[in-house]
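Report on the structure
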Amino acid sequence: MKDFFNGIRDLFVDVLFAPFDALRAMELENWFSANIMSWFFMTIGFVAFVYWMLQLKKYNDNGEEDKSISSHSYL
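Here goes a summary of the coordinates provided. Remember, it's a predicted structure, so these values are computed and weren't measured experimentally. (Residues numbered from 1 in each chain as written. Predicted model: local features only at pLDDT ≥ 70, side-chain atom pairs only at ≥ 80, totals over all residues. Heavy atoms only, no water.)

**Some remarks on the environment of Asp21**
Looking at where Asp21 falls in the secondary structure, it is placed in helix 2 (residues 18-26). For Asp21, a relative accessible area of 34% puts it in the partly exposed group. Taking the C-alpha atoms as reference points, Asp21 and Ala34, 13 residues apart in sequence, are found 9.9 Å from one another. (Helix = DSSP H or I, 4+ residues; strand = E, 2+ residues; numbered from the N terminus. Buried < 20%, exposed > 50% of the residue type's maximum accessible area, 1.4 Å probe, protein only.)

Structure representation (structure tokens):
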């Protein structure tokens, strides 16, 4: 059983995380390139945020929501 877990460790450390180790080693040479994954995820988040805001604006412009004071029973 110990060999099984060591095999999983070797897979992740030696194979799957190797690109991230290369990015970490690149940090002293080029900061922007070393943080490419962070820039990638920030770009995805920004695009999703803009899409979400545009969808909210579209529904707000349609006037589908009841915004009267008595629209909710707890008001």
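**Description of the packing of aromatic side chains**
Enumeration over the complete set of coordinates arrives at 7 aromatic pairs. Grouped by ring-pair contacts, the aromatic residues Phe12, Phe17 and Phe20 constitute a single cluster. Over the aromatic face of Tyr59 sits the side chain of Lys58, whose NZ or CZ is 5.4 Å from the ring centroid. (Phe/Tyr/Trp six-rings, centres within 6.5 Å; stacked < 30°, edge-to-face > 60°. Lys NZ or Arg CZ within 6 Å of the ring centre and 35° of its normal.)

**Here we look at the packing of helix 1 (residues 2-16) against helix 2**
Interhelical geometry of helix 1 versus helix 2 gives an angle of 45° and a closest axis separation of 5 Å. What the angle tells us is that helix 1 and helix 2 run oblique. From helix 1, Val13, Asp14, Val15 and Leu16 reach across to helix 2, where they touch Ala18, Pro19, Phe20 and Asp21. For the contact of helix 1 with helix 2, a count of residues per class yields 6 nonpolar, no polar and 2 charged. (Axes fitted to C-alpha atoms, helices over the stretch in contact; angles between N-to-C directions. Parallel < 35°, antiparallel > 145°, perpendicular 65-115°, else oblique. Contact = heavy atoms within 4.5 Å. Nonpolar A, V, L, I, M, F, W, Y, C, P; charged D, E, K, R; others polar.)

**So, the environment of Trp39**
Secondary-structure assignment places Trp39 in helix 4 (residues 36-62). Once residues lying within four places of it in the same chain are set aside, the contact partners of Trp39 are Trp31 and Phe32.

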